[in-house]
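# Structural characterization, general
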There are 2 protein chains.
Amino acid sequence: MLGRLWAKYWDPKGKHCYVTGGSSGLGLAVAKLLVLKGAHVSVVSRNAQRLESAMKELETVRISQDQVLKSYSYDLITATGAREALDAVCEPHQGRNPDAIFMLAGSCHPRFFIEETEETMKTQMDQTYWVQAWTALEASKRMVRDKSKGKIVFHSAYIGYITLIGYAAYGPGRMAIRALADTLRQEFLLYDIDIHIAFPGTMYTPGYDIENATKPKITLKIEETDPGVTADQYAKGLLQGVQSGDFHISPDLLGNIFRASMRGVTPSNNFFVDSLWNFIGRSSDMAYVR
Amino acid sequence: MLGRLWAKYWDPKGKHCYVTGGSSGLGLAVAKLLVLKGAHVSVVSRNAQRLESAMKELETVRISQDQVLKSYSYDLITATGAREALDAVCEPHQGRNPDAIFMLAGSCHPRFFIEETEETMKTQMDQTYWVQAWTALEASKRMVRDKSKGKIVFHSAYIGYITLIGYAAYGPGRMAIRALADTLRQEFLLYDIDIHIAFPGTMYTPGYDIENATKPKITLKIEETDPGVTADQYAKGLLQGVQSGDFHISPDLLGNIFRASMRGVTPSNNFFVDSLWNFIGRSSDMAYVR
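The rules behind these values
- Residues numbered from 1 in each chain as written.
- Chains lettered and ligands numbered in written order.
- Predicted model: local features only at pLDDT ≥ 70, side-chain atom pairs only at ≥ 80, totals over all residues.
- Heavy atoms only, no water.
- Phe/Tyr/Trp six-rings, centres within 6.5 Å; stacked < 30°, edge-to-face > 60°.
- Helix = DSSP H or I, 4+ residues; strand = E, 2+ residues; numbered from the N terminus.
- Buried < 20%, exposed > 50% of the residue type's maximum accessible area, 1.4 Å probe, protein only.
- Lys NZ or Arg CZ within 6 Å of the ring centre and 35° of its normal.
- Least-squares fit on C-alpha atoms with pLDDT ≥ 70 in both.
- Contact = heavy atoms within 4.5 Å.
- UniProt positions renumbered as here; feature names shortened; annotations may be inferred.

### A closer look at the packing of aromatic side chains
Throughout the structure, instances matching the rule amount to 14 aromatic pairs over all chains. Ring geometry for Phe-113 of chain A versus Phe-188 of chain B: centroids 6.3 Å apart, planes at 55°, classification tilted. Taken together, the residues span two chains, with Phe-113 of chain A in the loop between strand E4 (100–103) and helix H5 (118–145) and Phe-188 of chain B in the loop between helix H6 (170–187) and strand E6 (193–198). By relative accessible area, Phe-113 of chain A is classed as buried at 0%. For Phe-188 of chain B, a relative accessible area of 1% translates into the label buried. Relative to Tyr-191 of chain A, the ring of Phe-188 of chain A lies with its centre 6.0 Å away and its plane at 70°, an arrangement referred to as edge-to-face. One aromatic cluster is present, built from ring pairs that chain together Phe-113 of chain A together with Phe-188 and Tyr-191 of chain B. In this arrangement the basic side chain of Arg-185 of chain A is found over the ring face of Phe-247 of chain A, its NZ or CZ atom lying 5.4 Å from the centre.

### Notes on the relation of the copies chain B and chain A
Relative to chain A, chain B is turned by 180° and slid 0.0 Å along the rotation axis, the superposed coordinates differing by an RMSD of 0.0 Å. This pairing of chains is accounted for by a two-fold axis. No C-alpha of chain B lies nearer the rotation axis than that of Ala-176 of chain B, which sits 2.5 Å from it. Interface residue correspondence from chain B to chain A reaches 100%, placing this contact among same-surface, isologous pairings.

### Considerations on the UniProt feature "transmembrane region" (unreviewed entry) in chain A
Taking the numbering used here, the UniProt-annotated feature "transmembrane region" (unreviewed entry) corresponds to residues 152–170 of chain A. The span residues 152–170 of chain A is 5% helical and 21% strand by assignment, and the distance between its end C-alpha atoms comes to 22 Å.

Written out as structure tokens, the structure is:
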């Protein structure tokens, strides 16, 4: 808390920021904000056509002719794709690693578990976990090798805190990526690499409409209480969290409640005894008072 | 809490219990207990040689000549493997689905993230998540189709509650399997299928020695505070949890603290404000008082 008074606010100006999933939705919104703040921005996405229109949008908000704005089409769900994309993105910057990587690619296809297939299960793990894990693995190895500082920003979702019926294929990847970020925060204290992870809820993006097409009615009903935000609104909160140095970023009411309790929907075995366990568990958290 | 007074204690006697990873460690320990309690037990594991010696052990503890004790060698990290194993296991039981499935196969290979490779990352996801997810998918579809009640028991680990340096490849799968179990508990209330998930810590098994061979020194140091248990000890707690109807099973001190707080090692953004969020988040838990 007090840390905020003297903490250095991270400034993207003049930094090379690599944004995955940067052609639409949250990725594009974050890329735009970064351009507005004077960063060099590289966006990667699968869809070449969407990339083209995204680049036009980014060009309209550039604040200096010196800003390097580039786009590349790669599929990041394999280690090879992640490696090739990173090579391409670094090329106009004399091969130097990006100063910040915003991993915002992904997609969500909810349905009941008993309607899942081998393919849908694998696809959701690819789109929630591997699409970020491979870039993180490749980038962090290079950063450690080159002794370059930097930021790696993951994204999960409310579902990474509280799992919910309808997300049997999606939720595991969202929680897995949280676990990866949590682990890397510890390991990368050694290397001056900052880890962040954002937890958006309902966000009105093109992906949200796709998601709702397969979403079970019960899941839609439960989610009615989430007022939702636009990608632009969420991007602001996300970037502010990154600039302030927050690790888990949840710039909204529900996200904060989920983050701080993080019990999810696991029922207590015994509420009163569990309150005691909870008190003990949380007391270790005092070590982090700042 | 009061529920315990009138809750029906589940009795494995005469039930068909399918145990994956049943040839050693926790799987074998649970299989033995189930045999001792009069269940029909099928064990599946990759290693045919170990299966043979496991079967000899199980035969020594049978309490009736009517008990059907069988073993099968399958690799369960693919959907096909899970399907074929399930077919084989059901065959001596007139094709009926198992009454309870204990998914205890898996392995752990800790190391620093920057030492992970594409292969080690994939293997750990296979051994923590897919090895259970495919069996759960295949079995639950059959159970819903056949309207057969039953129990599906997953296993995670302390690391599924609190991630830790050294477990960058293992932790995500352990948290993913928790997310899957959490989601299925909700969905399967519809079908009278009970979901359970166990969270062991240090357990002195053959797998523990393999795990320590690659474990970073800092991880070993942190884990010194965990006294550890034998597989037989843990199996007792696990089975008791299943019989009592506990969803998250953590029969030891550290497991309970981690379970009830479940904040893991994510630092607070602001301890005092987060305590308020935590209070709000936990108050919803009152709904589960029993």
